[in-house]
Amino acid sequence: MTTQHPTADPYAPGPTALRVFAGVGLLLVAACVVATMMVTLGDAISGDGVGGGFVTAGFWAVGLAAAVGVGALVVPRRVLVTAQYALALMGPVLALMD
């Protein structure tokens, strides 16, 4: 018999579901890396050829998203999975701002 904490959300995803979301998030990270590269190359060809600070921040964001995603696979927490998705999507957006 398992007892739940009285304030626990009965509809919260379990550890297995969070690991699946983190794994799918790593696929999203890979797609966002490619999108960030495409935006950066497009900016380099059509612009002045120099990447700015937002391009660097975009690549840092997707890199951190990958690290957080691996952390979410090891220790499944809802906050880590949410941070992974947010950081992954911030990468191309930041690169577009340059």
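For the structure itself, consult the block above.
Quick look at the structure, then. Residue indices follow the written sequence of each chain, beginning from 1 at its first position. Only residues with pLDDT of at least 70 are given local features in this predicted model, and only at 80 or more are side-chain atom pairs given and counted; all residues enter the totals for whole chains, interfaces and linings. Just so you know, side-chain values use all the structure's heavy atoms and leave hydrogens and water out.

To continue, consider the overall build of the chain. A tally of helices and strands in the chain yields 3 helices and 0 strands. A helix here means a DSSP run of H or I that spans at least four residues, while a strand means a run of E at least two residues long, and both kinds are numbered starting from the N terminus. Listed N to C, the secondary structure of the chain is α-α-α in terms of helices and strands. Here the C-alpha radius of gyration of the chain, 17 Å, is well above what a compact globule of 98 residues would show, namely 13 Å. With the principal axes as the frame, the chain shows a C-alpha extent of 65 × 20 × 15 Å. Only protein chains enter the accessibility calculation, which uses a 1.4 Å probe; a residue is then buried when its area is under 20% of its type maximum, exposed when over 50%, and partly exposed in between. Taking all 98 residues of the chain together, the buried fraction comes to 28%. Radius of gyration here is computed from C-alpha atoms only, and the compact-globule reference equals 2.2 Å multiplied by the residue count raised to the power 0.38.

As a packed pair, helix α1 (residues 15-46) and helix α3 (residues 78-96) sit with axes 8 Å apart at the nearest point and diverge in direction by 10 degrees. In terms of axis orientation, α1 runs roughly parallel to α3. The nonpolar class holds Ala, Val, Leu, Ile, Met, Phe, Trp, Tyr, Cys and Pro. Asp, Glu, Lys and Arg form the charged class, and all remaining residues, Gly among them, are polar. Looking at the contact of α1 with α3 residue by residue, the class counts come to 17 nonpolar, 5 polar and 1 charged. Axes here refer to lines fitted to C-alpha atoms; in helices the fit is confined to the stretch in contact. Angles between the N-to-C directions go from 0 to 180 degrees. Note on terminology: angles under 35 degrees are roughly parallel, angles over 145 are roughly antiparallel, angles of 65 to 115 are roughly perpendicular, and the others are oblique.

Among the surface-exposed residues, V70, L73, V74 and V75 lie close enough to one another that they form a single nonpolar patch of about 310 Å² accessible area. Position of V70 among the secondary structure elements: in helix α2 (residues 53-74). According to the relative accessible area criterion, V70 is partly exposed, its value standing at 45%. For patch building, the residue pool is restricted to those with more than 30% relative accessible area and no salt bridge; the joining distance is 9 Å between like charges and 5 Å between nonpolar side chains (Val, Leu, Ile, Met, Phe, Trp, Tyr). Shrake-Rupley sampling with a 1.4 Å probe provides the accessible areas, and residues are treated as covered by the protein chains on show and by no other component. Salt bridge, as used here, is a side-chain nitrogen of Lys or Arg placed within 4 Å of a carboxyl oxygen of Asp or Glu.

Another aspect to go through is the environment of F54. Counting through the fold element by element, F54 comes out in helix α2. As for F54 and A66, which are separated by 12 residues in sequence, their C-alpha atoms are 18 Å apart. It only takes one pair of heavy atoms within 4.5 Å for two residues to be counted as in contact. Beyond its immediate chain neighbours, meaning those up to four positions away, F54 contacts L94, A95, M97 and D98.

We now examine α1. Helix span, expected: 1.5 Å multiplied by one less than the number of residues in the helix. With 32 residues, α1 extends 46 Å from end C-alpha to end C-alpha; this agrees with the ideal 46 Å at 1.5 Å per step. Where the residues of α1 are buried, they touch α2 and α3.

Here, the term nonpolar core denotes a set of buried Ala, Val, Leu, Ile, Met, Phe, Trp, Tyr and Cys residues that are joined through side-chain atoms within 4.5 Å. By size, the foremost hydrophobic cluster in this structure holds 7 residues: V29, C32, V62, A65, V68, L87 and A88. Contributions of two or more residues to this core are made by α1, α2 and α3. Look past the residues within four positions of C32 in its chain and what remains in contact with it is V62, A88, L89 and P92.

Next up on the list: the side chain of D43. One can find D43 in helix α1. When charges are counted, Lys and Arg contribute as positive and Asp and Glu as negative, whereas His and the chain ends are disregarded. In this structure D43 is buried but unpaired, with R78 as the nearest side chain of opposite charge at 37 Å. Contact partners of D43, with chain neighbours within four places excluded, come to D48, G49, V50 and D98.

A few words on the packing of α2 against α3. Two numbers describe how α2 lies on α3: the axes approach to 7 Å, and their chain directions differ by 160 degrees. On the basis of the axis angle, α2 is roughly antiparallel to α3. As for the relative orientation of α2 and α3, their crossing is left-handed in sense. The segment α2 lies against α3, with F54, V55, A57, G58, A61, V62, L64, A65, V68, G69, G71 and A72 engaging L80, V81, A83, Q84, L87, A88, M90, G91, L94 and A95. Residue composition of the contact of α2 with α3, grouped by class: 17 nonpolar, 5 polar and no charged. By convention, the crossing between two helices is left-handed when the near helix turns anticlockwise from the far helix through less than a right angle, and right-handed when the turn is clockwise.

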